Protein chains: 2
Amino acid sequence: MNKVKNFLQMHLDNTDKKILQKLQKNSKITNKELSNGLSLSVTAVFERIKRLERNGVISDYVALVKPDKIEKAFMVLTQIKLVQHTKSNVIQFEAEVVKLPEVLECYHVSGEYDYILKVRVKDMEAYREFMLTKLTNLEHIGSTQSTFIISSVKSTTALPL
Amino acid sequence: MNKVKNFLQMHLDNTDKKILQKLQKNSKITNKELSNGLSLSVTAVFERIKRLERNGVISDYVALVKPDKIEKAFMVLTQIKLVQHTKSNVIQFEAEVVKLPEVLECYHVSGEYDYILKVRVKDMEAYREFMLTKLTNLEHIGSTQSTFIISSVKSTTALPL
DNA sequence: GCTGAAAAGCGAGTGGG
DNA sequence: CCCACTCGCTTTTCAGC
């Protein structure tokens, strides 16, 4: 699963792209089902998928969990400014934010703020708790600004091909 | 895969949570592997997973693709303001933005702007093209503001349990 | 890189404790 | 809730083109 080669790029033909499109939507599809509709043998599909895994194009197979079913319906985008942008500050901040399970994504960004975090918790009260006990306890944090998600219009893990 | 019941909530015990944690990281794990370390039988694990699927806790099984391997390394968060917030405008905008494959996520948010989009394309030139030919062609769009991702510090689909 | 067929492993159902 | 035993299908391997 984790044998990721770092070829900068591997060639993807149309068949590879079709396979990836399908697997990004449903990884439980069988090689047989894939082979139909591609007019290809099961073995050929199998070998292509293995090659995509070896080359790190496919990085993981995961189950997606519905946030509202496990009391993680409340989502916030939290923007963060560091007090100082020394290399050690940046490294330390990033190392600590990675450890927070409520933080699903963290990006170093352009613009007024330095980082944007995608945070998932149960509700506003839990977010308040997260802010007070975890986020603002991180070193080097200057100011923060929270943008609350009113509704999710679209959310997919499938990249366009 | 899509038989999603809408129980508002189902009870998850610690065993369910451990199963979900594992499956969120690696859905190719076998029921046997899961049963080890949980001191549970394969059948019990199997039945719990099926129940989680039936109740919509697990919504999908997908393959994750590395963006840089397929020339989608460039990521932008695009904030959008609508000119007018009538219901029909909102509905039309949302229906159209959902169709854009470059838009992986779209959220209706609090704050100065109305929407935040997570957009993935090849590079800055492709983003410019996306803006000019697709985004600004959408109806009812007022102003936009782009925040560019300098680096991804963390990115996971696994919700905390 | 593809095919078809054979082998190995897993999912899924059954009967029973 | 668990175990043991099936069957059928899928994955994986292999020889050959």
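Every chain begins its residue count from 1, and numbering advances along the sequence as written. Here the convention is simple: chains get letters from A, ligands get numbers from 1, in the order in which they are written. With the structure being a predicted model, the display of local features is reserved for residues of pLDDT at least 70 and the display and counting of side-chain atom pairs for 80 or more, all residues being used for whole-chain, interface and lining totals. Heavy atoms throughout the structure, all of them, feed into the side-chain values; hydrogens and water do not.

Chain A appears in an unreviewed UniProt entry as Transcriptional regulator, AsnC family from Gillisia limnaea.

This next bit is on the pattern of salt bridges. Criterion for a salt bridge: a side-chain nitrogen of Lys or Arg within 4 Å of a carboxyl oxygen of Asp or Glu. Under the criterion given, the structure shown has 18 salt bridges over all chains. E105 of chain A is paired through a salt bridge with K118 of chain B; the nearest N and O atoms lie 2.7 Å apart. One end of the pair, E105 of chain A, is in strand β3 (residues 103-109); the other, K118 of chain B, is in strand β4 (residues 115-121), on a second chain. Categorising residues by exposure relies on relative accessible area from a 1.4 Å probe, with only protein chains included: less than 20% of the type maximum marks a residue as buried, more than 50% marks it as exposed, and the intermediate range marks it as partly exposed. Relative accessible area serves as the criterion here: at 6%, E105 of chain A is assigned to the buried category. By the criteria applied, helices consist of DSSP H or I runs no shorter than four residues and strands consist of E runs no shorter than two, each listed in order from the N terminus.

Turning our attention to unusual backbone geometry. At S39 of chain A, a residue that is not glycine, the phi angle is positive and equals roughly 45°. For S39 of chain A, the position within the fold is in the loop between α2 (31-35) and α3 (42-54). Judged by relative accessible area, which is 71%, S39 of chain A ranks as exposed. Positive phi is not limited to glycine here, since E71 of chain B has a value of about 60°.

With that settled, the discussion passes to the UniProt feature "domain: HTH asnC-type" (unreviewed entry) in chain A. According to UniProt, the "domain: HTH asnC-type" (unreviewed entry) feature falls on residues 12-75 of chain A. In the segment residues 12-75 of chain A, helix accounts for 47% and strand for 16%; the C-alpha atoms at its two ends are 36 Å apart. UniProt positions are given in the numbering used here, feature names are shortened, and annotations may be inferred rather than shown by experiment.

For strand β1 (residues 58-65) of chain B, the tally of buried residues reaches seven of eight residues, placing the bulk of the element in the interior. If DSSP finds at least two bridges between two strands, the strands pair. Sheet topology places strand β1 (residues 58-65) of chain A next to β1 of chain B; seven bridges connect them, and they run antiparallel. The residue bridging Y61 of chain A from the neighbouring strand is A63 of chain B, located in β1 of chain B.

For the rest of this paragraph, the subject is helix α4 (residues 87-98) of chain B. In this scheme, a helix's expected span is set at 1.5 Å multiplied by one less than its residue total. The first and last C-alpha atoms of α4 of chain B sit 17 Å apart over twelve residues, in line with the 16 Å expected at 1.5 Å per residue. All buried positions along α4 of chain B are accounted for by N89, V90, F93, E94 and V97 of chain B. On an axial view of α4 of chain B, the arc spanned by its buried residues comes to 120°, and they lie on one face. For this analysis, residues touch if any pair of their heavy atoms sits within 4.5 Å. Buried-residue contacts for α4 of chain B involve β5 (141-155) of chain A together with β2 (74-82), β3 (103-109), β4 and β5 (141-155) of chain B. This arc describes the spread of directions from the helix axis toward the C-beta atoms.

So, about the packing of aromatic side chains. Aromatic ring pairs are defined here through the distance separating the ring centres and the angle between the ring planes. Residues and elements named next belong to chain A. The criterion for an aromatic pair is that two Phe, Tyr or Trp rings (for Trp, the six-membered ring) have centres within 6.5 Å, with stacked assigned to planes under 30 degrees apart, edge-to-face to planes over 60 apart and tilted to the rest. The final tally for this structure, using the stated rule, is eight aromatic pairs over all chains. Within the aromatic cluster, the residues linked to one another by ring pairs are F74, Y127, F130 and F148. Lysine NZ or arginine CZ positioned within 6 Å of the ring centre and within 35 degrees of the ring normal marks a charge as sitting over the ring. The ring centre of Y113 lies 4.8 Å from the NZ or CZ of K81, which sits over that ring.

Moving on, we come to the protein's contact with DNA strand C. Here a residue is near a molecule or strand as soon as one of its heavy atoms is found within 4 Å of it. Taken together, the neighbourhood of DNA strand C is formed by L40, S41, T43, A44, E47 and R48 of chain A together with N31, F46 and K50 of chain B. The term polar contact refers here to a pair of N or O atoms within 3.5 Å; inside protein, the definition further demands a hydrogen-donor-capable atom paired with an acceptor-capable atom, and it admits residues adjacent in sequence only when both atoms are side-chain atoms. Separating a phosphate oxygen of DNA strand C from a side-chain N or O atom of S41 of chain A is a distance of 2.6 Å. At 2.8 Å, a side-chain N or O of T43 of chain A approaches a base oxygen of DNA strand C. Those elements that provide at least two residues to the surface near DNA strand C are α3 of chain A together with α3 (42-54) of chain B. Here the surface near DNA strand C gets four residues from one element, more than from any other, and that element is α3 of chain A.

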